[in-house]
Amino acid sequence: MRMVKAYGGTCLTRVSSSVAGGLEQFFYRYGRSVATHPRKYILACVLVTAFCCLGFTNFYMESRPEKLWIPQDSDYVKTLNWQAENFPDDKRVELILFEAENVLRAEYIMEMYEIRKAVWAIAVTDRYNRNLTQDDLCFRVPALGGQYEKELRNIKTQLFPHRDPNSPFDWSLELDKKVYYTFYQLIPTQCLEMSILEIWGDNKTIIEQLTDEDVINDINTASMSATYGYPMDFLGVLGGIMRNETGHVVGARSSMAQLVMELNRTDVDMTQLANDAGLAEEVDLGLYTWEGEFIRVICNYTGQSEGLGVFLKAQRSFGEISGETIMGDVSFLTVGIMILFVYVQLMLGKFNVVENRPVLSMLGLLATVMAVGISFGLCSAFGLAYGPIHSILPLLMLGLGVDDMFVIIQCWNNLNQEEQQLNLEKRMGCALRHAGVAITITSLTDFAVFIIGSTTVLPALQSFCIYSAIGIMALFLLQSTFFVAWFTIDQTRLEDNRNGLLWCYKHKNWTPNDCSQHDLCQMFFDKIFSKYLLMKPMKVVVLLMTAGLLATSIWGVTNLHQEFNPVWFIPQSSYLFQFLFRAQKYYPEAGERGMVYLGALNYSQELPKIGELTETMKRNKYISSVDSWYDLMVNYTKLDTGEEIDGKPMNETFFSKALSTFLFSPMGSPFQNYFSFDGKLTMAKPAPTVVASRFDYRHTTLNGRDEQIAAMDQMKEMVNAANFSDFAAPVAMMYSSWETDKVIAMELLRNLSLAMIAVFTMTLLLLANFISSIYVLICVIFTLVDVMALMTWWELSIDSVSCINLVLCTGLCVDYSVHIALHYMQVKGTRDYRVRLTVRGMGPAVINGAFSTFLAFILLANSDSHVFQSFFKIFFGVFVFGVFHGLLFLPVLLSLIGPAPYDTDNHAIPEHDDNGNDSNDSAVHSKSIEIDGRTYTQMPHTTL
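Because the structure is a prediction, the values reported are computed rather than measured. (Residues numbered from 1 in each chain as written. Predicted model: local features only at pLDDT ≥ 70, side-chain atom pairs only at ≥ 80, totals over all residues. Heavy atoms only, no water.)

1. Here we look at the overall build of the protein chain
Here is step 1 of the chain: Secondary structure assignment for the protein chain yields 32 helices and 18 strands.
Here is step 2 of the chain: Buried residues in the protein chain amount to 57% of all 944 residues.
Here is step 3 of the chain: In the protein chain, the share of contacts with a sequence separation of at least 24, taken over all contacts with a separation of at least 6, comes to 77%.
Here is step 4 of the chain: Taken as a whole, the protein chain presents about 40,000 Å² of accessible surface, with 57% of it coming from carbon and sulfur. (Helix = DSSP H or I, 4+ residues; strand = E, 2+ residues; numbered from the N terminus. Buried < 20%, exposed > 50% of the residue type's maximum accessible area, 1.4 Å probe, protein only. Contact = heavy atoms within 4.5 Å. Areas by Shrake-Rupley, 256 points an atom, 1.4 Å probe, with all protein chains shown as cover.)

2. Things to note about helix 2 (residues 38-53)
Here is step 1 of the chain: If you check helix 2, its first and last C-alpha atoms are 23 Å apart, about what 16 residues at 1.5 Å a residue would give, namely 22 Å.
Here is step 2 of the chain: Every buried residue of helix 2 is listed here: Pro38, Ile42, Cys45, Thr49 and Cys52. Within helix 2, the buried residues cover an arc of 100° as seen down the axis, which keeps them to one side. The outward face of helix 2, more than 90 degrees from its buried face, is lined by the exposed residues Arg39, Lys40, Leu47 and Phe51. (Expected span 1.5 Å × (residues − 1). Arc of directions from axis to C-beta.)

3. A word on the packing of aromatic side chains
Here is step 1 of the chain: Summed over the entire model, instances satisfying the criterion amount to 40 aromatic pairs.
Here is step 2 of the chain: Seen from their ring centres, Phe26 and Tyr30 are 5.6 Å apart, and the 15° between their planes marks the pair as stacked. Here Phe26 pairs with Tyr30, and both are found in helix 1 (residues 11-36), just 4 residues apart, close to one helical turn.
Here is step 3 of the chain: Note on Phe524 and Phe529: the rings are 6.0 Å apart at their centroids and 45° apart in plane angle, and the pair reads as tilted.
Here is step 4 of the chain: Here Phe524 falls in the partly exposed class, since its relative accessible area comes to 36%.
Here is step 5 of the chain: Members of the aromatic cluster, each reached through a chain of ring pairs, are Tyr343, Phe406, Trp794, Phe851, Phe854, Phe872, Phe876 and Phe879.
Here is step 6 of the chain: The ring of Phe139 carries the charged tip of Lys91 above its face, separated from the ring centre by 4.5 Å.
Here is step 7 of the chain: Here the guanidinium or amino end of Arg834 rests over the ring plane of Tyr824, the centre of that ring lying 3.8 Å away. (Phe/Tyr/Trp six-rings, centres within 6.5 Å; stacked < 30°, edge-to-face > 60°. Lys NZ or Arg CZ within 6 Å of the ring centre and 35° of its normal.)

4. Things to note about the pattern of salt bridges
Side chains carrying opposite charge are able to pair once their charged atoms draw close together.
Here is step 1 of the chain: As enumerated under the stated definition, the model contains 29 salt bridges in all.
Here is step 2 of the chain: Between Lys716 and Glu739 there is a salt bridge, with its nearest N and O atoms 2.7 Å apart. Taken together, the positions of Lys716 in helix 26 (residues 704-721) and Glu739 in helix 27 (residues 735-767) put the pair 23 residues apart, joining distant regions of the chain. Pair check on accessibility: Lys716 and Glu739 agree, each one buried. (Salt bridge = Lys/Arg side-chain N within 4 Å of Asp/Glu carboxyl O.)

5. A few points about the nonpolar core
Here is step 1 of the chain: Within the largest apolar cluster, 157 residues are counted, with the highest numbers of intra-cluster contacts made by Ile389, Leu396, Phe450, Leu808 and Phe871.
Here is step 2 of the chain: Beyond its immediate sequence surroundings of up to four residues, Phe450 is in contact with Leu396, Phe464, Cys465, Ser468, Ala469, Ile472, Val807 and Leu808.
Here is step 3 of the chain: By size, the runner-up hydrophobic cluster in this structure holds 71 residues, among which are Val103, Cys191, Leu192 and Leu312. (Core = buried A, V, L, I, M, F, W, Y, C linked by side-chain atoms within 4.5 Å.)

6. With respect to the state of the cysteines
Here is step 1 of the chain: Counted by the stated rule, this structure contains 1 disulfide.
Here is step 2 of the chain: Here Cys138 pairs with Cys191 through a disulfide, and the sulfurs are 1.9 Å apart. Residues Cys138 and Cys191 are joined by a disulfide whose S-S torsion is about -70°; by sign, that bridge is left-handed. One end of the pair, Cys138, is in the loop between helix 6 (134-137) and strand 4 (140-142); the other, Cys191, is in strand 5 (residues 189-191), with 53 residues separating them in the sequence. (Disulfide = S-S within 2.5 Å.)

7. A closer look at the packing of helix 16 (residues 393-413) against helix 30 (residues 831-857)
Here is step 1 of the chain: For the pair helix 16 and helix 30, interaxial distance at closest approach is 8 Å and the crossing angle is 160°. As judged from the angle between their axes, helix 16 and helix 30 are roughly antiparallel. You can see that helix 16 and helix 30 cross each other, and the crossing is right-handed. Taking contact as the criterion, the partners of Leu395, Leu396, Gly399, Leu400, Val402, Asp403, Phe406 and Gln410 in helix 16 are, on helix 30, Ala845, Asn848, Gly849, Ser852, Thr853, Ala856 and Phe857.
Here is step 2 of the chain: A per-class count over the contact of helix 16 with helix 30 returns 8 nonpolar, 6 polar and 1 charged. (Axes fitted to C-alpha atoms, helices over the stretch in contact; angles between N-to-C directions. Parallel < 35°, antiparallel > 145°, perpendicular 65-115°, else oblique. Left-handed = near helix turned anticlockwise from the far one by under 90°. Nonpolar A, V, L, I, M, F, W, Y, C, P; charged D, E, K, R; others polar.)

8. Regarding the confidence of the model for the protein chain
Here is step 1 of the chain: With 87% of its residues at a pLDDT of at least 70, the protein chain reaches an overall mean of 82.
Here is step 2 of the chain: The model gives residues 1-9 a pLDDT under 50, and that stretch makes 20 contacts with residues more than four places away or in other chains.
Here is step 3 of the chain: The model gives residues 905-944 a pLDDT under 50, and that stretch makes 109 contacts with residues more than four places away or in other chains. (pLDDT = per-residue confidence, 0-100.)

9. A word on a nonpolar patch on the surface
Here is step 1 of the chain: Side chains of Phe524, Ile528, Tyr532, Met535, Met538, Val541 and Met545 sit close together on the surface and give an oily, nonpolar patch of about 600 Å² of accessible area.
Here is step 2 of the chain: Of all the secondary-structure elements, those providing two or more residues to the nonpolar patch are helix 20 (520-533) and helix 21 (536-558).
Here is step 3 of the chain: Position of Met538 among the secondary structure elements: in helix 21. (Patch = residues over 30% accessible without salt bridge, like charges linked within 9 Å, V, L, I, M, F, W, Y side chains within 5 Å.)

10. Some points on the packing of helix 5 (residues 106-120) against helix 12 (residues 285-299)
Here is step 1 of the chain: Closest axis-to-axis distance for the helix 5/helix 12 pair is 10 Å, and the angle between their directions is 145°. For helix 5 against helix 12, the interelement crossing comes out right-handed. Here helix 5 contributes Ile115, Ala118 and Val119 to the contact with helix 12, which in turn contributes Trp290, Phe294, Val297 and Ile298.
Here is step 2 of the chain: Across the contact of helix 5 with helix 12, the residue classes break down as 7 nonpolar, no polar and no charged.

11. Observations concerning helix 11 (residues 212-221)
Here is step 1 of the chain: Those residues of helix 11 that sit buried are Val215, Ile216 and Ile219. Buried residues of helix 11 fall within an arc of 95° about the axis and therefore sit on the same side. Across from the buried face of helix 11, at angles greater than 90 degrees, the exposed residues are Glu213 and Thr221.
Here is step 2 of the chain: Of the surrounding secondary structure, the elements contacted by the buried residues of helix 11 are helix 5, strand 7 (238-243) and strand 8 (249-262).

12. Points about the side chain of Ser254
Here is step 1 of the chain: Along the chain, the position of Ser254 falls in strand 8.
Here is step 2 of the chain: In this structure the side chain of Ser254 is engaged in a polar contact, spanning 3.1 Å, whose partner is the side chain of Tyr587. (Polar contact = N/O pair within 3.5 Å; in protein donor to acceptor, adjacent residues only side chain to side chain.)

13. Some words on unusual backbone geometry
Here is step 1 of the chain: Located in the positive-phi region is Asn497, a residue other than glycine, with phi close to 55°.
Here is step 2 of the chain: Take Asn497: it is sitting in the loop between helix 19 (459-495) and helix 20.
Here is step 3 of the chain: Residue class for Asn497 comes out partly exposed when judged on its relative accessible area of 23%.
Here is step 4 of the chain: Phi is positive for Ala684, which is not a glycine, with a value near 70°.
Here is step 5 of the chain: Among the structural elements, Ala684 can be located in the loop between strand 12 (675-677) and strand 13 (690-699).

14. Quick word on the pairing of strand 13
Here is step 1 of the chain: The buried count for strand 13 comes to 8 of 10 residues, which makes it a mostly enclosed element.
Here is step 2 of the chain: By the bridge criterion, 6 bridges tie strand 10 (residues 593-598) to strand 13 in an arrangement that is antiparallel. In the sheet register, Arg593 faces strand 13, and the bridge partner there is Arg698.
Here is step 3 of the chain: With 3 bridges connecting them, strand 12 and strand 13 associate as antiparallel partners. Residue pairing in the sheet places Ser676 in a bridge with Ala692 of strand 13. (Pairing = 2+ DSSP bridges.)

15. Points about the environment of Leu894
Here is step 1 of the chain: Position of Leu894 relative to the elements: it lies in helix 31 (residues 866-897).
Here is step 2 of the chain: Overall, the relative accessible area of 2% leaves Leu894 in the buried class.
Here is step 3 of the chain: With sequence-adjacent residues up to four places away left out, Leu894 is seen in contact with Tyr775, Ile820, Tyr824, Arg831, Val835 and Pro899.

16. Here we look at the side chain of Thr227
Here is step 1 of the chain: The residue Thr227 is located in the loop between helix 11 and strand 7 in this model.
Here is step 2 of the chain: For Thr227, the side chain forms a polar contact with the side chain of Glu198, separated by 2.7 Å.

17. Considerations on the environment of Val484
Here is step 1 of the chain: Looking at where Val484 falls in the secondary structure, it is placed in helix 19.
Here is step 2 of the chain: As for Val484 and Met405, which are separated by 79 residues in sequence, their C-alpha atoms are 9.1 Å apart.
Here is step 3 of the chain: Beyond its immediate stretch of four places on either side in the chain, Val484 contacts Val34, Ile408, Met428, Leu432 and Gln479.

18. A look at the environment of Phe234
Here is step 1 of the chain: By secondary structure assignment, the location of Phe234 is in the loop between helix 11 and strand 7.
Here is step 2 of the chain: By relative accessible area, Phe234 is classed as buried at 2%.
Here is step 3 of the chain: The sequence separation of Phe234 and Ile196 amounts to 38 residues, and the corresponding C-alpha distance is 5.8 Å.
Here is step 4 of the chain: With sequence-adjacent residues up to four places away left out, Phe234 is seen in contact with Ser195, Ile196, Glu198, Ile199, Ile219, Ala222, Ser223, Met224 and Ser225.

Following this line, the structure appears as structure tokens:
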């Protein structure tokens, strides 16, 4: 079928002809201008970069998961924002996890006690030079056990001789209220800790005398904390529980200890807690310093018992390790630059003292670094956060920057004999004229893809795409300006026979050696690749390979699953990952714990609604338990006053008195922190107006994304259906992941669909041929399908990182095919000969550009970061499949059903002589190439 000519009479071709012609004229004149005044352009680039880098003064790094991976209009984020403003949590929980084949052994209990003593011994100094220990920084609660237990037992026996002293006992119900309140004020307080050590309290003598049988007996019978005198669920702190045939516990794989600390809000100074990565935490300096010592003590602890593993998580761990990881990623960037420098030097220069280009290679890489600085500076100036995935952006820029360098240098090497006779300024204009359109197509396409990606609802992806889009445009401008200017100066040096490294040294009577004049890569594409690729059997093999690969990949994509877990963003070698991995392994049966937050309700009148909500939650199949103060308050009030308040509105005065009485009882005192009052809660006085409250619940074990999202949505529906008069919402830590899982698949589909539209639109406009644009789009789609299948086989899932990677793939894999399609449209002859010309002329540039991008990421194979590992695996697929479709499948497809070439008869690019007069000398615009003894004309649009 005869294809419509690109520069014919249609509206599309006329517009595209105007765009392409205008671009070529612009880049020719721009190249001449840069080559005429290289030092001025270099200075301008340096000044602009320096000005943009001033934005680093506003740089900050975001590590909070809710600010990175969750839509900011989601219920989860709204609830967290409300909680931070109306119900700030002053508690910071430090966790220690013990792991062994069976932690319920006497020697391991003793080891846990020794670690507890080591933590108690930690002492730090705050900014007021006060010595602080855990006892000064912890959250304290009344303690009726320990040394007071025997005395209280005797008092109970004397006051109530007919009662069993071991039976449940509530002092507030047995004593007169005035007597009880006096007694309550005398109750000592202790730091709140929850662990199996609370079975034996702080009694070293008892712990030293324990046997393995004692430990098993106590764990099956104990229900009260020896320190606090409160009921405590000791089985709840065990993981991997082993039971016998009667259901009794006989062992456990792990035990968790929780230390609850309390920050001093009057001493919070965010500026003093900003670390090297730009992180800052809302915590006072004394507690923050104590946590650092806590981490050091536990990590460095060497116990005497073999087989017991000790792991920890401090409140500051996530932000601290995120910062260390990002700062540590600089090593990948540094070594990546060194590898790329060696490769670029090998490919850009020749192996002799004059034609090698080490300085130019370094300056080309410097342009990439400058582009990164511009991107980071501008984005920081406008308040865009830097996230953990932004670490790979410099490596991405390096790969793209080197690709543009290869394009410009290759176009310079491809100048024909007539063009090579022009002065340096005109030669540089001709080279940039050829290269300009190609790097414009790739840069604008990548820019469009990232701009589309920036419309996502995921903050981390949005920020990354904006950083990338600005970086790509900065890179495009710098490589076509800064690099071209230095290239001009370097070429002047070369033509003056000056040393490639020491420019001041001039070689006299220099001639290049024969070895340095052979380009093995070019020879391979000339003599081997282009010849054998177009043989009929090879065409059949390529088409069958493509079809087989596509069919297999489609099957692979159907097995690709969706999963998001913030734990993956922690390096696997870190102590935090080791803790979180075991916590998820040993405590999945506990179910996800959540809280229902309630605002400034009319509590006396809306208590029935709270009761109805708790009952509804208990009946839900996704809720395993509800720990509500409402149920306990109903029972306590009935015992104390005889009033049945369940399901009934209450008088405001009665409610205030009943609530205060309940919260100062042994049953209700643990819930004092579950309320926020408009005033101070005082013993023996009515409670102030409640402005916020909460209660706890726990989900059942949930299997997979569908159950998790259903459980979360049903929980929200139950709270909304209660129809409270003020704010009411449930929240759980894992809701952050579930909110992301709920939208990530649709976001990926949306972003990829819009990216495909952008790719097709840009290539259609700049290639000016519908069929060629379709072929490029097919190559991009095939590559993406293959890469997504590789994700399945390499055990990756659809998450925020892979979503970003696939958006990147869309931009990068365009480069491999669009250069082939563009070159094919610019040469004339039979389809096979046009393909041979294209592969011969474009093959080296495409493979060098692809391999340089791959080199930029090769070091990530050794990273223990999920982000970096994902980038390596996916970009390995982009390199393999992108090159396959660009250099094998597309040329074969074009040789069989390729479109007609551009009609260039009436489309000449005007050149200017030294006097500014136009010249349409066709010798300047065409290039003769000999293949198999026949001469073919390469038309003026030839670019790389």
